[in-house]
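Reading the structure
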Amino acid sequence: VQLQACGGGLVHTGDSLKLSCVGSGRSFRRVAMAWFRQAPGKEREIVAAISWTGGSRWYVDSVKGRFTISRDDARNMVYLEMNSLKPEDTATYYCAAAGTYYSCRLEAYEYDYWGQGTKVTVSS
């Protein structure tokens, strides 16, 4: 079972990026998924989470109104669309999938599967 994230890069303040994460080895259709990030010297934090139906989404306050999490179960994928990027968004972004939880989960230990990370750098 594997998650593969991509889409990171070097952008300027105010730019947009869309991260993608594809799962393989099992279907993630019926579980919660999320994006976390870890900036240099900081702890990993959750950025956004989405329930198994996509009907419930959660965002950390610092990205509300700028980031959108979505999922495409037919493709076993989760996305993070990031707009109006700021230097403080600079981090390595990780996608994650829960093993059994259906609703949005906010703690890293609640996710059983992790992508390898994709780096986002926002220059000022």
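Calculation criteria
- Residues numbered from 1 in each chain as written.
- Predicted model: local features only at pLDDT ≥ 70, side-chain atom pairs only at ≥ 80, totals over all residues.
- Heavy atoms only, no water.
- Core = buried A, V, L, I, M, F, W, Y, C linked by side-chain atoms within 4.5 Å.
- Buried < 20%, exposed > 50% of the residue type's maximum accessible area, 1.4 Å probe, protein only.
- Helix = DSSP H or I, 4+ residues; strand = E, 2+ residues; numbered from the N terminus.
- Contact = heavy atoms within 4.5 Å.
- Polar contact = N/O pair within 3.5 Å; in protein donor to acceptor, adjacent residues only side chain to side chain.
- Salt bridge = Lys/Arg side-chain N within 4 Å of Asp/Glu carboxyl O.
- Phe/Tyr/Trp six-rings, centres within 6.5 Å; stacked < 30°, edge-to-face > 60°.

What follows is about the nonpolar core. Membership of the largest hydrophobic core comes to 38 residues, with the highest contact counts inside it found for Trp-35, Leu-80, Met-82 and Tyr-93. Those elements that provide at least two residues to this core are strand E1 (2-6), strand E3 (17-24), strand E4 (33-38), strand E5 (45-50), strand E7 (67-72), strand E8 (77-82), strand E9 (91-98) and strand E11 (118-123). The element best represented in this core is E9, accounting for six residues. Sequence-distant contacts of Met-82, defined by excluding residues within four places in its chain, comprise Asp-15, Ser-16, Leu-17, Leu-19, Arg-66, Phe-67, Tyr-93 and Val-120.

This next bit is on the side chain of Arg-37. Looking at the element boundaries, Arg-37 is found in strand E4. A polar side-chain atom of Arg-37 sits 2.7 Å from a polar atom in the side chain of Glu-45. A polar atom in the side chain of Arg-37 sits 3.3 Å from the side chain of Ser-62. Beyond its immediate stretch of four places on either side in the chain, Arg-37 contacts Glu-43, Arg-44, Glu-45, Val-47, Ser-62, Val-63, Phe-67, Glu-88, Asp-89, Ala-91, Thr-92 and Tyr-93.

The next point concerns the pattern of salt bridges. Counted according to the given criterion, the structure contains seven salt bridges. One salt bridge in this structure joins Asp-61 and Lys-64, with 3.0 Å as the shortest N-O distance. The residues Asp-61 and Lys-64 share a single accessibility class, namely exposed. The salt bridge partner of Arg-75 is Asp-72, with a shortest N-O separation of 3.7 Å. For Arg-75, a relative accessible area of 58% gives the class exposed. The partly exposed category is assigned to Asp-72, whose relative accessible area is 24%. Among the charged side chains, a network of salt bridges with common partners joins Arg-37, Glu-45, Arg-66 and Asp-89.

Another aspect to go through is the packing of aromatic side chains. Applying the stated criterion across every chain, the model contains five aromatic pairs. Taking 5.5 Å as the distance between ring centres and 80° as the angle between the ring planes, the aromatic pair formed by Phe-36 and Tyr-111 counts as edge-to-face. In this pair, Phe-36 is assigned in strand E4 and Tyr-111 in strand E10 (residues 111-114), connecting sequence segments 75 residues apart. Residue classification places Phe-36 among the buried positions, given a relative accessible area of 2%.

Inspection of the secondary structure assignment puts Arg-71 in strand E7. Note on Arg-71: relative accessible area 14%, which makes it buried. A polar side-chain atom of Arg-71 sits 2.6 Å from the main-chain carbonyl oxygen of Phe-28. Within the local environment of Arg-71, its side chain forms a polar contact with the side chain of Asp-73, the two groups lying 2.9 Å apart. The residues contacting Arg-71, other than those within four sequence positions of it, are Phe-28, Arg-29, Val-31, Ala-32, Met-33, Ile-50, Ser-51, Trp-52, Gly-54, Met-77 and Val-78.

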